[in-house]
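Understanding the architecture of this molecule
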Amino acid sequence: MEPAFLNHLNEVQKVAVLQSEGPVMVLAGAGSGKTRVLTYRVAFLLSQGVEPYNIMALTFTNKAAREMKDRIISLVGDQKSRSVWMGTFHSVFAKILRFECEKIGYPNNFTIYDTDDSKSVLKAIVKEYQFDDKAYSPGFLLNRISSAKMNLIDPDMYLQDPEIQYADKSANKPLVGQIYKEYWKRCRRSDAMDFDDILYNTDLLFRDFPEILLKYQNRFHYILVDEYQDTNYAQYLIIRRLAALRQNICVVGDDAQSIYAFRGANIQNILNFSKDYPDHKIFKLEQNYRSTKNIVDAANSVIVNNKSRLHKEVWTENDVGEQISLFKSSNDAEEALMIANSIFHSRMTYQMNNSDFAILYRTNAQSRALEEAMRKLNIPYRVYGGISFYKRKEVKDMLGYFRLVVNPADNEAFFRVINYPTRGIGNTTINKLSLLATQYEKPIWDIVENLDKIPNDFNSGIRRRIGDFYTLIKNFQLIEEKTPAYELAKKIAAASGMMKALFEDKTPEGVSRYENLEAVLNGVKMYEDDFATENEGAAARLVDFMLNVALLTDMDEKDDENDKDRVSLMTIHAAKGLEFPFVYIGGLEENLFPNSMSVNSRAELEEERRLFYVAITRAMKKLTLSFAEMRYKWGEMNFCEPSRFIDEIDGKFVDIPRKFVQKSVAANTFNPLDKKEKTGNVFAKKQISNSAPPPTKDKNFLPGELAKISDIAEGVRVEHARFGHGTVVKVEGEGPNIKASVEFDGFGVKQLVLRFARLKLSDK
DNA sequence: CTCCTCCCTTTTTTT
DNA sequence: AAGGGAGGAG
C-alpha cells in the first residue's frame, strides 16, 4: 500500500518517487520541488522496509542535508531515519576515508587542510625554491592544482601531459607541475588531505581496491544525489563506481542552475547519465510552485539568452503578482539604505517577518554597506558566508592545537601554534626547524622529537623551550585515544595558554575572541552529544571532531532557535536551494554582476546569467533589483554602468518609474563608448520606449539645472552654492575623481572634485 | 626575540 | 578596508 504522505506530491513527482528501482534522473526547474522528490523518495524507501544504512543521500551543503533529514523524520519517524548516510560529498567520503585510508597510505588521523593551509604550503615552496612569487601566487597555484585533482590528474600525469605543459609554458608558468609535485609530497608527509584530495583519494580507493568498492556497493543499495548539475568529474566517477552494481541511483538537477563551473562542475555529467545507464528513466518537473507568474516569466526571459541549455519549460499556476521593482541609487551606501528602507516598509505593510526577506549579492564584499544600513534602521540580520567562524584567527589557532594533538605530522598546525601564545621561539628557530624537516624529508614534529639525535646549532635556552612545547603536546597525544573529545579539548585550551592570553585581553575584540574560544569548546560538546546519539552512546574522540569541523562552513551553523527572525544576507551562490517571499538583488552593475572576471568568454558569461537566473528564482512574492552609479572597490570610488542583465529581463515584467528612465539614460551619456554599445542593444531600446517617452535630448541644457559631469569643460560658466558664479579653467582626472579648476568671480581659482561640487550651469 | 610601523596586495563565486 | 610581510627599534 502507498503511504499516505505521497498525496502531498503532484503526479510527476509521485511517479518519480515511486520509481524507486533503477537509474532515475529528475530534471527539474527552479521551484518545482526537486528536493521534495528526493526527500519523499528516501521516506518512501524507508516506508517500504529498506534499511536506513542502505541509503546514501548526497547534498550540496550540510545544512541541506540536515533539513532533509528533519523532513524525513517528520514523515516516517526518527528511528527509521537516523542512520541514513546524508551529507555533502566531502563529509560522506571523508567519513569513508577515515575507515579505509590506510589502504592508500594515509593514517586514519589524517588532517584536512583548508584553503589557507594549502596556500601557506604553496607559498613556502615557492619561497624555498626561490621561484618568482609574482608569477606563482598561492591562489593561482591552488587553482591549477585543484582543477588537476578534480579531473584526477596527479603530478606525474600533469608533468607528462603535453597539452598541459604547453599551456603552462605559453602562460610563462612552466614550473607549475614541479610545484604541484612538491605540494603533493608535502601534504603526504604531513598526513594531510586538501578538499580535492578527499574526492581524489576516494576515487583512488574505489579504483584500486575492488574489494572495498564491493563492500560499499553492498552497503549503499540506494544512492541519491541532489544538485547533480554541480558535480565535477571526480564526484561523477565515484558515484558511477558506487552505483555500478545495483544501479539504484537517482539524481536531480537543473542545467539552468549550474553555477559552479569554476569549481569543476561539468554539465556533461547530466548528458552522460543517459549513456552510462541505458535503462534509465527521466522525469521532468516543470511546474513552479514557488514564485509568482511575473517572477517565473521574468526568469525565463533572462535564461533564453543562453545558447547552451537543455530544453525545459518552467511555468506556474500561481498569481501574476507584483511587477519587479528596480532601484537606482547614486552609490553603494545609498543603495543599502534604499533596500533597508524598503524592507522596513514592506515588513509593516504586508505584516511579514524579518526572515521573509533576503538580500542577495554577487560578492561577499558587498555585505558591508548593507550591514551598515541594516544596523542604522535597527533591522535584525544575519550574514551567511564571508569570514566564517572557523576561519577566525583565534578559532584557527585553537583548532591548530587540536590538530597537532590529533596528527603530530600536521606541519601547518605546528607553524600556527609553536609560538602562539609567544613562548620565545622566533622566526629564526622555526626556519631552522623547517629546513631540517625538508632535509630529512620528515614532518617537523619528528625533528623536534629527535632534536638531540640530529646535528643542530640550537642553544640550550631554545632547546629547553622547544622541549617544553614538545612535552605539552606529547602529553595530550598520549591520552587522545582514551579521552572523550570535550574533556580533552578543555584541557588543551587551558594548557596551551590561549584561554589565559585572551582572557587578559579586555579590549572589546579580545572579549569577543575569548567568547569565540568558548564557542569552539561548546561546539566540541555539541558534537560529542550528537555523536553519542548517532553511535549508540559511544564517546566521540577529538579526532572525530576534527574530521567533522574541517568540512563545516558557516552556512551549516545551526540557527539560534530564539533568534531566528532575521533578514538573510548572502551571496547568490550561498542562496542556492533556498527561497524567500521577498528578495532583493543588489549591485546589478557591469563588471560586478556579470563580474569583470567572467565577461571574456561566452561560457563564463552564460554562467553569470545562470547565476542571475538562480537569484531571480529565489523570490516567491516580490523581487527587487538594484544598481548604483558609484561603488567603493579596494577603498576607491568607481563609476558603474547598469548591468546588461537588467536589459535582458522582458520590460513588461519590470516597473520602471518614468523619471528614472530619463535619469538613467542621462547618466549613460557620460561614457560615449558605452552609449554606443547600449543603443546597439535592441532589448534596451524596446524596453525604454515601452515604459516611458524617449528622454529629452539635452544638448541645450537649461541654466539652473545641476550640471552633468560631462557638461563641465574649459570655458563653461558655472554656479556653486558657496562661491557663486565662475568659469571653468581646467578639467583633470578620471572617473569619480574628475576635478575642475574654476575661477570664481570674487573667490579666485578653486579646485573642486566634481562629484561632490554640485555645480549648476550658469548663463551669467 | 618581540613589538611596532609602514607598505603592499587583495576579491568572484565554495567544499 | 584590512590583513600580512618586511624592516627597524628595544
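The structure contained in this document is the topic of the report that follows.

Here is what the cut-offs are and how they apply
- Residues numbered from 1 in each chain as written.
- Chains lettered and ligands numbered in written order.
- Predicted model: local features only at pLDDT ≥ 70, side-chain atom pairs only at ≥ 80, totals over all residues.
- Heavy atoms only, no water.
- Near = heavy atom within 4 Å.
- Polar contact = N/O pair within 3.5 Å; in protein donor to acceptor, adjacent residues only side chain to side chain.
- Nonpolar A, V, L, I, M, F, W, Y, C, P; charged D, E, K, R; others polar.
- Pairing = 2+ DSSP bridges.
- Helix = DSSP H or I, 4+ residues; strand = E, 2+ residues; numbered from the N terminus.
- Axes fitted to C-alpha atoms, helices over the stretch in contact; angles between N-to-C directions.
- Contact = heavy atoms within 4.5 Å.
- Expected span 1.5 Å × (residues − 1).
- Buried < 20%, exposed > 50% of the residue type's maximum accessible area, 1.4 Å probe, protein only.
- Disulfide = S-S within 2.5 Å.
- Phe/Tyr/Trp six-rings, centres within 6.5 Å; stacked < 30°, edge-to-face > 60°.
- Lys NZ or Arg CZ within 6 Å of the ring centre and 35° of its normal.
- Lys, Arg positive; Asp, Glu negative; His and termini not counted.
- Salt bridge = Lys/Arg side-chain N within 4 Å of Asp/Glu carboxyl O.

Arg263, Arg362, Gly426, Thr428 and Thr553 are the nearest of the 24 residues found near DNA strand B. For DNA strand B, the backbone portion of the atoms within 4 Å of the protein, that is sugar and phosphate, comes to 52%. Within the side chain of Asn419, one N or O atom sits 3.3 Å away from a phosphate oxygen of DNA strand B. One of the side-chain nitrogen or oxygen atoms of Thr571 is found 3.0 Å away from a phosphate oxygen of DNA strand B. Across the surface near DNA strand B, the residue classes tally to six nonpolar, 16 polar and two charged.

Quick look at the sheet that holds strand β7 (residues 249–253) now. Spatially, the six strands line up as an open sheet ordered β3-β2-β6-β7-β1-β8, and their pairing is parallel. Two strands lie at the open edges of the sheet, namely β3 (85–88) and β8 (281–285), each paired on one side alone. Strand-to-strand twist in this sheet, taken as the mean axis angle between neighbours without regard to direction, amounts to 15 degrees. With three bridges connecting them, strand β6 (residues 222–225) and β7 associate as parallel partners. Opposite Ile223, over in β7, you have Ile249 as the bridge partner. Lying on the sheet, helix α1 (residues 11–18) is in contact with β1 (24–28) and β8; it crosses β8 at an angle near 150 degrees.

Here we take up helix α10 (residues 176–189). In this model, α10 (14 residues) spans 20 Å end to end at C-alpha, consistent with the 20 Å of a helix rising 1.5 Å per residue. Just beyond α10, the residue with positive phi is Asp191, at close to 50 degrees.

For the rest of this paragraph, the subject is the protein's contact with DNA strand C. Around DNA strand C, the surrounding shell consists of Lys123, Arg368 and Trp634. Looking at DNA strand C alone, sugar and phosphate atoms form 88% of those within 4 Å of the protein. Separating a phosphate oxygen of DNA strand C from a side-chain N or O atom of Lys123 is a distance of 3.4 Å. Arg368 has a polar side-chain atom sitting 3.0 Å from a sugar or linking oxygen of DNA strand C.

Hydrogen bonds between backbone groups are what pair the strands of a sheet, and the pairing can be parallel or antiparallel. Read from one edge to the other, the open sheet built from seven strands follows the order β13-β14-β12-β15-β16-β11-β19, with strand pairing classed as parallel. This sheet does not close on itself; its edge strands, each paired only once, are β13 (381–383) and β19 (654–655). Here five bridges tie strand β11 (residues 324–329) to strand β16 (residues 619–628), and the two strands are oriented parallel to one another. Paired with Phe327 across the strands is Ser626, a residue of β16. Contacting β11, β12 (357–361), β14 (567–571), β15 (580–585) and β16, helix α16 (residues 332–349) crosses the sheet at an angle of about 140 degrees to β11.

For Ser301, the location among the structural elements is in helix α15 (residues 293–303). In this structure Ser301 comes out as buried when scored by relative accessible area, which is 12%. Once residues within four sequence positions are removed from consideration, Ser301 is found in contact with Glu648, Ile649 and Asp650.

Below, the discussion takes up the state of the cysteines. In this structure the tally under the stated criterion is zero disulfides. Free cysteine: Cys187, not disulfide-bonded; nearest cysteine sulfur from Cys101 at 15 Å. For Cys187, a relative accessible area of 2% corresponds to the buried category.

Time to look at the packing of aromatic side chains. In this description, an aromatic ring pair is defined by two values, namely the gap between the centres and the angle between the planes. In the structure shown here, the tally under the stated rule is 27 aromatic pairs. Centre to centre, the rings of Phe273 and Tyr277 are 4.8 Å apart; their planes meet at 45 degrees, and the pair counts as tilted. Look at Phe273 and you get buried, because its relative accessible area is 1%. You can call Tyr277 buried: its relative accessible area is 4%. Seen from their ring centres, Tyr527 and Phe545 are 5.7 Å apart, and the 70 degrees between their planes marks the pair as edge-to-face. Placement of Tyr527 in helix α25 (residues 508–534) and of Phe545 in helix α26 (residues 542–549) is noted, with a sequence separation of 18 residues between them. Across the pair, exposure class does not vary: Tyr527 and Phe545 are buried alike. In this structure an aromatic cluster arises from ring pairing among Trp85, Phe206, Tyr216 and Phe220. Lying across the ring of Phe140, Lys173 places its NZ or CZ 4.1 Å from the centre.

Cis peptide bonds are those with omega within 30 degrees of zero, and the linkage from Tyr420 to Pro421 qualifies with -5 degrees. Structurally, Pro421 is set in the loop between α19 (411–417) and α20 (427–440). If you check the backbone angles, Gln130 has positive phi at about 55 degrees while not being a glycine. With respect to the helices and strands, Gln130 occurs in the loop between α6 (115–128) and α7 (138–150).

What follows deals with the environment of Ser434. Position of Ser434 relative to the elements: it lies in helix α20. Judged by relative accessible area, which is 15%, Ser434 ranks as buried. Contact partners of Ser434, with chain neighbours within four places excluded, come to Glu128, Phe415 and Ile444.

Quick look at helix α28 (residues 602–616) now. Across its 15 residues, α28 extends 21 Å between first and last C-alpha, which sits within 8% of the 21 Å expected from 1.5 Å per residue. In terms of burial, α28 is largely enclosed, as twelve of its 15 residues are buried. The complete set of buried residues in α28 reads Leu605, Glu606, Glu607, Glu608, Arg609, Arg610, Leu611, Phe612, Tyr613, Val614, Ala615 and Ile616. Where α28 is buried, its residues touch α15, β12, α27 (572–575), β15, β16 and α29 (644–648).

With that out of the way, let us pick up the side chain of Arg41. Here Arg41 shows up in helix α2 (residues 34–47). One buried charge, Arg41, has no salt-bridge partner; the nearest side chain with opposite charge is Glu21, at 7.2 Å. Setting aside residues up to four positions removed in sequence, Arg41 forms contacts with Ala16, Val17, Gln19, Ser20, Val24, Leu224 and Cys250.

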